[in-house]
Each structure stands twice: as structure tokens, then as C-alpha cells.
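Report on the structure
Here is how the chains run, residue by residue.
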Amino acid sequence: LLKNYGNNYDLLINSSNSTIEGSKTNQIVLAFSKNILLANNTLRNSSAREAIKLDAGTGNITLHHNIITKNERYFIEKIFASGIDASQSEGNNTFENNIIVGSGYGIQARDNNTLIGNTIANNSIGVKISDGRNHISENNFIYNGVDAAQSSFTNVSFASNLWDGNFWASYEGTQKDNTGVGSTPHIVAVAPPRQGEPTPAVQEPVTDKAPSIGPIG
């Protein structure tokens, strides 16, 4: 069931094998829906807490070629806004070739997701991962406060997450043998908790063993 609330938001609930394309709304919310394609949507200056939210009961969602810009990094005081929030999703989602700019979190995801070819720029935290089995490859991380974080308030393992071949504007290494790949891994250190936020149960640095020297795409 797709409900459109004018220019405010689109709500898709209890649906499968559906597509939302070409929307120019303020927010898109999915709940209890599987096998959904969100493509070529433009959410400019979204004032919603989450521009795109994959809520409980969602899985196997593909987000492709969406443009999200936020006009505020905070939804309310001390609560970050998000470009894409999939932290409640069941996973098996693909985020591909999206542009997310100017939010608190660019993308939040839990477990078993693929992030490829996205440009994540000028967010407070570019990508926050809160579980394992994620593949984050060939994305552009450009001038975020913290490019990426692995952090959870429950006791999980991040060992199965794979970060490789991403471009990091903050990378300070050199090119290896004209391959376009950095000579040393890129490590994003663990960021301290924000003021007023409890300390996570587990957090680990992000390590990209084969960072790209130049922007991708």
C-alpha cells in the first residue's frame, strides 16, 4: 500500500515487488515491505528526521540513483538527522550510486547490506554500521566530520564487514605502483561519543585495505 501525502512524504507499508521512482517528496518511509526498488528520487533540503527510512519488517530493498540533501544535521537538539536510515531493517539491502549530502548521518545500516558507488559528502558521520556482514566498496567519502563508524549499543562483531576500494578525501597515503590503489590501508579511528550520548557497547575502527587514490565514478 503506497500512500502519498503531497510534497510531505510517501509511505509504503505491507507491500512487495513495488517501485517508487521519480518522487520529489520530503521523506520516503517503508515498513513491512520486501523486494522494493527506490530509484531516481530527489529529496532536496529534506526537513524530516530520516529522508529515506527503511523501518521494521523491511528487507531486500534496492536504493539506486537517489539524491538526498539535508538542510539540517540535527532533527532536534542532539539528535542527528539521517539521509538514509536502515538501522531497523532486516537487511539484504543494496545502496548503489546514491548521493547523500549535508546530514547528521549519511547512511545508517545494520547487518547484511551492500553499499557501492555512493557519494557521501559533508555529513557529520558519513556511514554508521551497527552490525556485521556488510560490504562497503567503491564509495566516495568526501569531507565528512567522521567518514565512517562501526558502533553498536549491543554486543555484536564487526569482523565480517568488508571495506575496500573506497575513495577517502582524508587519505594521506601514496599510490602503489600506478595501480590507482593506496600503498597503505586507510584507517578511520573510533570517534568519541557525542555529548549526552551513552558509550556504545562495542566500537571498532574502520579499515579499508585497498583505498582508491581518486574519486570513483
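One can find the structure itself at the top, above this paragraph.
Let me sum up the structure you'll find in this document. (Residues numbered from 1 in each chain as written. Predicted model: local features only at pLDDT ≥ 70, side-chain atom pairs only at ≥ 80, totals over all residues. Heavy atoms only, no water.)

When their charged atoms lie close together, side chains carrying opposite charge are able to pair. This structure, assessed with the given rule, holds 6 salt bridges. A network of salt bridges, in which partner residues are shared, links Arg49, Glu50, Lys53 and Asp85. (Salt bridge = Lys/Arg side-chain N within 4 Å of Asp/Glu carboxyl O.)

The sheet built from 7 strands is open, its strands ordered S3-S5-S8-S13-S16-S19-S22 with parallel pairing. Across the chains shown, the open sheet's two edge strands, defined by having one partner strand only, are strand S3 (16-21) and strand S22 (162-164). The mean inter-strand angle of the sheet, taken between neighbouring strand axes irrespective of direction, is 5°. In the sheet, strand S5 (residues 34-39) pairs with strand S8 (residues 59-64) via 5 bridges, with the strands oriented parallel. Looking across to S8, one finds that Ala39 is bridged to His64. (Pairing = 2+ DSSP bridges. Helix = DSSP H or I, 4+ residues; strand = E, 2+ residues; numbered from the N terminus. Axes fitted to C-alpha atoms, helices over the stretch in contact; angles between N-to-C directions.)

Secondary-structure assignment places Thr154 in the loop between strand S21 (146-152) and S22. For the pair Thr154 and Lys53, spaced 101 residues apart in the sequence, the C-alpha separation amounts to 21 Å. Beyond its immediate chain neighbours, meaning those up to four positions away, Thr154 contacts Ala201 and Val202. Polar side-chain contacts of Thr154 include one of 3.1 Å to the side chain of Ser152. (Contact = heavy atoms within 4.5 Å. Polar contact = N/O pair within 3.5 Å; in protein donor to acceptor, adjacent residues only side chain to side chain.)

A full pass over the atoms with the stated rule returns 4 aromatic pairs. With centroids separated by 6.4 Å and ring planes inclined at 40°, the aromatic side chains of Trp163 and Trp168 adopt a geometry described as tilted. Trp168 sits in the buried class, given a relative accessible area of 1%. By the ring-pair criterion, three or more aromatic residues cluster together here, those being Tyr74, Phe80 and Tyr105. (Phe/Tyr/Trp six-rings, centres within 6.5 Å; stacked < 30°, edge-to-face > 60°. Buried < 20%, exposed > 50% of the residue type's maximum accessible area, 1.4 Å probe, protein only.)

Spatially, the 6 strands line up as an open sheet ordered S6-S9-S14-S17-S20-S23, and their pairing is parallel. Where the open sheet ends on each side, the last strands, each with one partner, are strand S6 (42-46) and strand S23 (167-168). Across 3 bridges, strand S17 (residues 119-121) lies against strand S20 (residues 140-142) in parallel orientation. When the sheet's bridge partners are listed, Thr119 is paired in S20 with Asn140.

Moving on: the pairing of strand S16 (residues 113-116). The two faces of S16 differ: Asn113 and Leu115 on one face are buried, but Thr114 and Ile116 on the other face are not. Two elements, strand S13 (residues 93-96) and S16, share 4 bridges in a ladder whose sense is parallel. The residue of S16 that forms the bridge with Glu96 is Ile116. Looking at chain direction, S16 and strand S19 (residues 135-137) are connected through 3 bridges and run parallel. Bridge pairing in S19 places Thr114 opposite His135.

Another point: the environment of Val101. Of note, Val101 is situated in strand S14 (residues 99-101). Sequence-wise, Val101 and Leu43 are 58 residues apart; in three dimensions their C-alpha atoms are separated by 11 Å. Not counting the four nearest positions on each side in its chain, Val101 is found in contact with Ile68, Thr69, Lys70, Ala121, Asn122 and Asn123.

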